[in-house]
Amino acid sequence: AQSVAQPEDQVNVAEGNPLTVKCTYSVSGNPYLFWYVQYPNRGLQFLLKYITGDNLVKGSYGFEAEFNKSQTSFHLKKPSALVSDSALYFCAVREQNFGNEKLTFGTGTRLTIIP
Amino acid sequence: DTAVSQTPKYLVTQMGNDKSIKCEQNLGHDTMYWYKQDSKKFLKIMFSYNNKELIINETVPNRFSPKSPDKAHLNLHINSLELGDSAVYFCASSQDLGRRGEQYFGPGTRLTVT
């Protein structure tokens, strides 16, 4: 079975500071990993994904994430936070296994950027 | 030019009623999904269709019945609505069963059962 853990319900960061939103995963084989962002009263928007290759993945709005296989982590990062980054962030995982079509989401981390 | 659209955006109804939510995508994707997001923002897959064929059917009461008339549309019909059905329902789509790519989400339908 595949699962995702986002250990922090809430992360507060001062504007201009670097931010990290944590994600760890569990799959039987190799993972596909995704980050999504949800703004209030909106659907989820795709930020970035890891499929294969370079462990550092760059995505939308200056976000990046690092795949760490030994620690089974895929933390989301940004060097300098903006107030507009305040939103709910979801990590998601899917095992690279044909026949498993389900994407499993974490419980979400609410990111608040303090002006 | 909305990629994934849902109607209605809000739905308020009484227990016991039957209601439908419609979803359409204009991305040319072959796979569509229904998710339920509860009051704690937990997101859970309900159903998935690929080229009109049901491929994911999670443990969902059989009061919920998806229908895909074509690969651009996926509707959700709910019979005998209960208080616990109150949630935000999201439609999403992807290409190639989403095996290597992201899913695109609609704006959501907030269902309130009174």
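Residues numbered from 1 in each chain as written. Chains lettered and ligands numbered in written order. Predicted model: local features only at pLDDT ≥ 70, side-chain atom pairs only at ≥ 80, totals over all residues. Heavy atoms only, no water.

**Examining the layout of surface pockets**
The space that makes up the largest pocket amounts to roughly 280 Å³. Around the largest pocket, the lining is made up of 14 residues, and of these R42, G43, L44 and Q45 of chain A together with F105 of chain B lie nearest the centre. The set of elements that each furnish at least two residues to the lining of the largest pocket consists of β6 (44-50) of chain A together with β10 (104-105) of chain B. For the lining of the largest pocket, the residue count by class is 7 nonpolar, 5 polar and 2 charged. Its volume calculated, the second largest pocket comes out at about 220 Å³. Looking at the second largest pocket, it is lined by 17 residues, and the ones nearest its centre are P40, N41 and R42 of chain A together with K41 and R110 of chain B. Where the lining of the second largest pocket is concerned, the elements lending two or more residues are β9 (87-94) and β11 (109-113) of chain B. Partitioned by chemical class, the residues of the lining of the second largest pocket number 7 nonpolar, 5 polar and 5 charged. (1 Å grid on protein atoms, 1.4 Å probe; cavity = no way out; pocket = protein on both sides within 12 Å on 5 of 7 lines; lining within 4 Å. Points joined across faces, edges and corners; volume = space filled by probe spheres on them. Helix = DSSP H or I, 4+ residues; strand = E, 2+ residues; numbered from the N terminus. Nonpolar A, V, L, I, M, F, W, Y, C, P; charged D, E, K, R; others polar.)

**A few points about the state of the cysteines**
Each disulfide is one covalent bond, formed between the sulfur atoms of two cysteines. Under the counting rule described, the total for this entry stands at 2 disulfides over all chains. Here C23 of chain A engages in a disulfide with C91 of chain A; their sulfurs sit 2.0 Å apart. Taking the sign of the S-S torsion, about -60° here, the bridge from C23 of chain A to C91 of chain A comes out left-handed. Residue C23 of chain A is located in the loop between β3 (19-21) and β4 (24-26), and its partner C91 of chain A is located in strand β10 (residues 87-95); the two are separated by 68 residues in the primary sequence. Assigned by exposure class, C23 of chain A and C91 of chain A land together as buried. Paired by a disulfide, C23 of chain B and C91 of chain B hold their sulfur atoms 1.8 Å apart. Linking C23 of chain B and C91 of chain B, the disulfide has an S-S dihedral of approximately -75° and is accordingly described as left-handed. (Disulfide = S-S within 2.5 Å. Buried < 20%, exposed > 50% of the residue type's maximum accessible area, 1.4 Å probe, protein only.)

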